[in-house]
Amino acid sequence: DAGVIQSPRHEVTEMGQEVTLRCKPISGHNSLFWYRQTMMRGLELLIYFNNNVPIDDSGMPEDRFSAKMPNASFSTLKIQPSEPRDSAVYFCASSLEMNTEAFFGQGTRLTVV
Amino acid sequence: GQNIDQPTEMTATEGAIVQINCTYQTSGFNGLFWYQQHAGEAPTFLSYNVLDGLEEKGRFSSFLSRSKGYSYLLLKELQMKDSASYLCAVLGTGGSYIPTFGRGTSLIVHP
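Residues numbered from 1 in each chain as written. Chains lettered and ligands numbered in written order. Predicted model: local features only at pLDDT ≥ 70, side-chain atom pairs only at ≥ 80, totals over all residues. Heavy atoms only, no water.

Enquirer: Any chance you could break down the pairing of strand E7 (residues 65–71) of chain A for me, citing the residues and the numbers?
Expert: Residue and element names in this part refer to chain A. The pairing of E7 with strand E8 (residues 74–79) spans five bridges and is antiparallel. Across the sheet, residue Asn-71 finds its bridge partner in E8, namely Phe-74. Between E7 and E8, which pair antiparallel one after the other, the connecting turn spans two residues. (Pairing = 2+ DSSP bridges. Helix = DSSP H or I, 4+ residues; strand = E, 2+ residues; numbered from the N terminus.)

Enquirer: If you had to explain the interface of chain A and chain B to someone new, which residues and values would you point to?
Expert: Contacts between the two partners involve 20 residues from chain A and, on the opposite side, 17 residues from chain B. Carbon and sulfur atoms make up 61% of the surface buried where chain A meets chain B, a total of about 1500 Å² over both sides. Joining chain A to chain B, the criterion identifies four residue pairs in polar contact (both at pLDDT 80 or more). For the side of chain A that touches chain B, the element with the most residues is strand E5 (residues 42–50) of chain A, which contributes four residues. A per-class count over the side of chain A that touches chain B returns eleven nonpolar, six polar and three charged. (Contact = heavy atoms within 4.5 Å. Buried area = accessible area lost by both parts, 1.4 Å probe. Polar contact = N/O pair within 3.5 Å; in protein donor to acceptor, adjacent residues only side chain to side chain. Nonpolar A, V, L, I, M, F, W, Y, C, P; charged D, E, K, R; others polar.)

Enquirer: Lay out the state of the cysteines with the relevant residues and their values.
Expert: For the coordinates displayed, the defined rule picks out two disulfides over all chains. A sulfur-sulfur distance of 1.9 Å marks the disulfide that ties A:Cys23 to A:Cys92. A torsion of -65° about the S-S bond marks the disulfide between A:Cys23 and A:Cys92 as left-handed. Here A:Cys92 lies in strand E9 (residues 88–95) and A:Cys23 lies in strand E3 (residues 19–24), a separation of 69 residues in the sequence. Grouping residues by exposure puts A:Cys23 and A:Cys92 together as buried. The disulfide partner of B:Cys22 is B:Cys88, and the gap between their sulfur atoms is 2.0 Å. Note on the B:Cys22 and B:Cys88 pair: the S-S dihedral is about -65°, so by sign convention the disulfide is left-handed. Taken together, the positions of B:Cys22 in strand E3 (residues 18–25) and B:Cys88 in strand E9 (residues 84–91) put the pair 66 residues apart, joining distant regions of the chain. (Disulfide = S-S within 2.5 Å. Buried < 20%, exposed > 50% of the residue type's maximum accessible area, 1.4 Å probe, protein only.)

Shape descriptors only; they carry no functional weight alone.
Pasting the structure below:
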């Protein structure tokens with residue numbers, strides 16, 4: 001398996017624009033996580049899916065953020081409208097079960113100017 | 001909520017042994033992970049502890065004491081390539097298994 005695949009790897013956008021981050025988890029993994037990492041706050045869990053169903057989205061900063069998982073092989077994280085404070089590295093990770101190790105994608109480095 | 005504490009930074013010499021501590025306060029516990037993250041890269045899994053005691057895997061070992069809310073990662077025979085951030089993550093309460101990460105410990109290995 002190629003591992004968790006995220007796209008794009010880098011994204012630079014202007015404030016107010018919509019940003020969509022994409023993730024393909026490892027085939028057969030039942031859990032999918034979206035994280036945000038910054039120097040100030042470290043690695044923060046945004047949302048967590050199990051069997052394509054959102055289990056906990058309490059980490060989603062505000063209504064500008066939304067995530068979907070329409071099927072077992074694809075998830076998106078959308079920010080609309082984007083703001084400079086959203087600049088961070090966004091990681092997607094998947095795991096076989098809820099209590100097994102997570103495999104991380106290479107991340108999307110988002111810069112909002 | 002969950003509170004996880006790790007030292008921010010540590011330095012050590014090539015060939016030496018280093019212990020990175022992690023303390024946590026949670027309302028429930030379903031296991032603890034250690035991940036390694038090199039600069040500019042994604043975190044990668046190192047170890048998982050759910051029962052008390054020491055888990056050894058090559059040069060790396062991880063210890064857990066649930067009663068003390070304490071874990072450590074032990075790195076032996078340090079190599080330059082071990083310079084990285086080490087993240088402690090605790091699995092949350094009940095059946096949710098929500099993982100919470102500590103801020104990470106940046107380890108610098110010098111010759």
